[in-house]
Amino acid sequence: MRILWLKTELLHPLDKGGRIRTYHMLAALKREHHVTYLTLDDGTAAPDAEERAHEYCHVLDRVPFRTTPGDSPRLYLDLLANAVTSLPYAVAKYRSAEMERRVRAHVASGEHDVLVCDFLFPSRNVPDGLDIPTVLFQHNVEAAIWERHTNVARSRIKKAYFGNQWRRMERIEGSECRRFDHVVAVSEADARKHEADYGLEHVSWVPTGVDTTFFRPDGPYPSGSREIVFTGAMDWMPNEDAIAWFGEEILPRIRKRVPDARFTLVGRNPTERIRRVVERCPGIDLVGRVPDVRPYVERGAVFVVPIRIGGGTRLKIFEAMAMERPVVTTQVGAEGLPVREGDHVRFADEAEAFADRVVELLERPEEARALGARGAEYVRAHFGWDRIAEAFAGICEDVVGGRIPAQGRSGR
């Protein structure tokens, strides 16, 4: 199968969930199929990102592109201009006439069997009337993220802004999903939500995977550790909210009972809000970007995912489980992952309950070690990337072969 894969970025560095999922999916697909990777490139990728693209594609086609950095004063002008348009800013900022032109050229060449649009954001660059099947790979239900932002926002200004973006995102996500012949979600829950919210007729799903060879501990569980670890891109709003909630509401409760407990934050681009939380709240160590998260996860006694907003599925949970670390998460944090309370992770949705779960594991290292071991056994048996990529390829092949009917709305 010859795949034309659309994205908004080069994949290195592999420092956020979307890049990690796409990288491992494509690296596995590339062994059996021909992959052309067409992407926007704003110049912010790693210096070796272009050179390393051969790890996940046979042909790389880059479209030079400019985005406004999140810390730039121009961002406020862009947001103001976006206020009078119908598109949510997160989608509008990736509109590229040149990318649309190259999509048309690639398809006209006759060298591809299927087009896969990775995430909603580049979808506006996919024209109607193409002569090959189109698949939209949805890592999240984007509107659900904005709905949750709206629900947890404290200020009226933020609530109004998030609510406006949520309504726009819901409209555009529904219309874009219906333009593609098929939609692939990352969990059964997301697939059912696409069907219910957007009236889609044909949605498939593939589970989240983990590199079970890479994510393995070098030593035994650290029974004497009082370190609580979180990993993730810190400029993603759901992670920012999770860190603030944990630092301000949960960690103080933990330290009342375990005074030497510490919270280690590992990930790129901590925002000003996160830095303020670190300054205000005792017991937090901000590490930032690292080339390899494994040593930090391994030295931790508990891995936490206190996410209240996100959508899709969290790769970090499977990575921590593969590292044999006990995980405490919210229901939203583990949404879409087939994990069970007590068998694989511990759940808590309120600050007091979350603190209780963490303290129990800190004070009972044998119980923590056993939970981590069960989690590792589970993900190693079921969620290697080769298996996930094979399932994704099978869906695409069924779409190409007409065995999965198209949505019937793509204009072809």
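Above this text is the structure in question.
## A word on the packing of aromatic side chains
Point 1. One pass over the full model with this rule turns up 15 aromatic pairs.
Point 2. When the centroid spacing of 5.9 Å and the interplanar angle of 80° are considered together, the rings of Phe246 and Phe354 count as edge-to-face. Highlighted residues: Phe246 in helix H9 (residues 237–257) and Phe354 in helix H13 (residues 351–363), separated in sequence by 108 residues.
Point 3. Joined through ring pairs, the aromatic side chains of Trp245, Phe246, Phe263 and Phe354 make up one cluster.
Point 4. Taking the ring centre of Phe214 as reference, the NZ or CZ of Arg294 above it sits at 3.5 Å.

## Quick word on the pattern of salt bridges
Point 1. In the structure shown here, the tally under the stated rule is 42 salt bridges.
Point 2. One salt bridge in this structure joins Arg52 and Glu55, with 2.8 Å as the shortest N-O distance.
Point 3. Judged by its relative accessible area of 31%, Arg52 falls in the partly exposed class.
Point 4. Owing to a relative accessible area of 22%, Glu55 belongs among the partly exposed residues under this scheme.
Point 5. Measuring nitrogen to oxygen at the nearest pair gives 3.9 Å for the salt bridge that ties Asp260 to Arg226. You can see Asp260 sitting in the loop between H9 and strand S9 (262–266) and its partner Arg226 sitting in the loop between strand S7 (203–205) and strand S8 (227–231), a full 34 residues away along the chain.
Point 6. Salt bridges sharing common partners tie together Glu9, Asp15, Lys16, Arg19, Asp235, Arg268 and Arg289.

## As for helix H6 (residues 142–152)
Point 1. Of all eleven residues that make up H6, eight are buried, and the element is covered over most of its length.
Point 2. Among all positions in H6, only Glu142, Ala143, Ala144, Ile145, Trp146, Arg148, His149 and Thr150 are buried.

## Looking at the packing of helix H12 (residues 315–322) against helix H14 (residues 365–382)
Point 1. As a packed pair, H12 and H14 sit with axes 7 Å apart at the nearest point and diverge in direction by 115°. It follows from the interaxial angle that H12 and H14 lie roughly perpendicular. Two packed elements cross with a definite hand, and for H12 against H14 that hand is left-handed. Counted together, Phe318, Met321 and Ala322 of H12 and Gly372, Gly375, Ala376, Tyr378, Val379 and Arg380 of H14 form the full contact between these two elements.
Point 2. Looking at the contact of H12 with H14, its residues break down into six nonpolar, two polar and one charged.

## A closer look at helix H5 (residues 97–108)
Point 1. Across its twelve residues, H5 extends 17 Å between first and last C-alpha, which sits within 8% of the 16 Å expected from 1.5 Å per residue.
Point 2. If you check which residues of H5 are buried, you get Met99, Glu100, Arg102, Val103, His106 and Val107. For H5, the angular spread of buried residues about the axis comes to 165°, placing them on one side. Across H5 from its buried face, at more than 90 degrees, point the exposed residues Ala97 and Ala108.
Point 3. Positioned one or two residues after H5, Gly110 has a phi angle of 75°, which is positive.

## Re the sheet that holds S7
Point 1. Strand order in the open sheet formed by seven strands is S3-S2-S1-S4-S5-S6-S7, and the pairing between neighbours is parallel. Because the sheet does not close on itself, it has two edges, and the strands there are strand S3 (59–64) and S7. Strand-to-strand twist in this sheet, taken as the mean axis angle between neighbours without regard to direction, amounts to 20°.
Point 2. As paired strands, strand S4 (residues 114–118) and strand S5 (residues 134–138) are joined by four bridges and run parallel to one another.

## Comments concerning the sheet that holds strand S10 (residues 284–288)
Point 1. Spatially, six strands are ordered S10-S9-S8-S11-S12-S13 in an open sheet, and the strand pairing comes out parallel. Edge positions in the sheet fall to S10 and strand S13 (346–347), since each has one partner strand and no second.
Point 2. Bridge analysis of strand S12 (residues 327–329) against S13 gives two bridges, and the strand direction is parallel. Counted as the bridge partner of Thr329 is Phe347 from S13.
Point 3. The strands touched by helix H10 (residues 272–280) within the sheet are S9 and S10, with S10 carrying the most contacts at an inclination of about 145°.
Point 4. Across the sheet, H13 touches S8, strand S11 (302–305), S12 and S13, and the angle it forms with S11 is around 165°.

## Some thoughts on the environment of Tyr161
Point 1. With respect to the helices and strands, Tyr161 occurs in helix H7 (residues 156–179).
Point 2. Each C-alpha atom, one on Tyr161 and one on Trp146, is 9.8 Å from the other, the two residues being 15 residues apart in sequence.

## A word on the environment of Thr264
Point 1. Relative to the helices and strands, Thr264 resides in strand S9.
Point 2. The sequence separation of Thr264 and Leu286 amounts to 22 residues, and the corresponding C-alpha distance is 6.1 Å.
Point 3. Residues within four places of Thr264 in sequence aside, it is in contact with Glu227, Ile228, Val229, Phe230, Asp285, Val287 and Arg299.
Point 4. At a separation of 2.6 Å, a polar atom in the side chain of Thr264 contacts the side chain of Glu227.

Criteria and cut-off values
- Residues numbered from 1 in each chain as written.
- Predicted model: local features only at pLDDT ≥ 70, side-chain atom pairs only at ≥ 80, totals over all residues.
- Heavy atoms only, no water.
- Phe/Tyr/Trp six-rings, centres within 6.5 Å; stacked < 30°, edge-to-face > 60°.
- Helix = DSSP H or I, 4+ residues; strand = E, 2+ residues; numbered from the N terminus.
- Lys NZ or Arg CZ within 6 Å of the ring centre and 35° of its normal.
- Salt bridge = Lys/Arg side-chain N within 4 Å of Asp/Glu carboxyl O.
- Buried < 20%, exposed > 50% of the residue type's maximum accessible area, 1.4 Å probe, protein only.
- Axes fitted to C-alpha atoms, helices over the stretch in contact; angles between N-to-C directions.
- Parallel < 35°, antiparallel > 145°, perpendicular 65-115°, else oblique.
- Left-handed = near helix turned anticlockwise from the far one by under 90°.
- Contact = heavy atoms within 4.5 Å.
- Nonpolar A, V, L, I, M, F, W, Y, C, P; charged D, E, K, R; others polar.
- Expected span 1.5 Å × (residues − 1).
- Arc of directions from axis to C-beta.
- Pairing = 2+ DSSP bridges.
- Polar contact = N/O pair within 3.5 Å; in protein donor to acceptor, adjacent residues only side chain to side chain.

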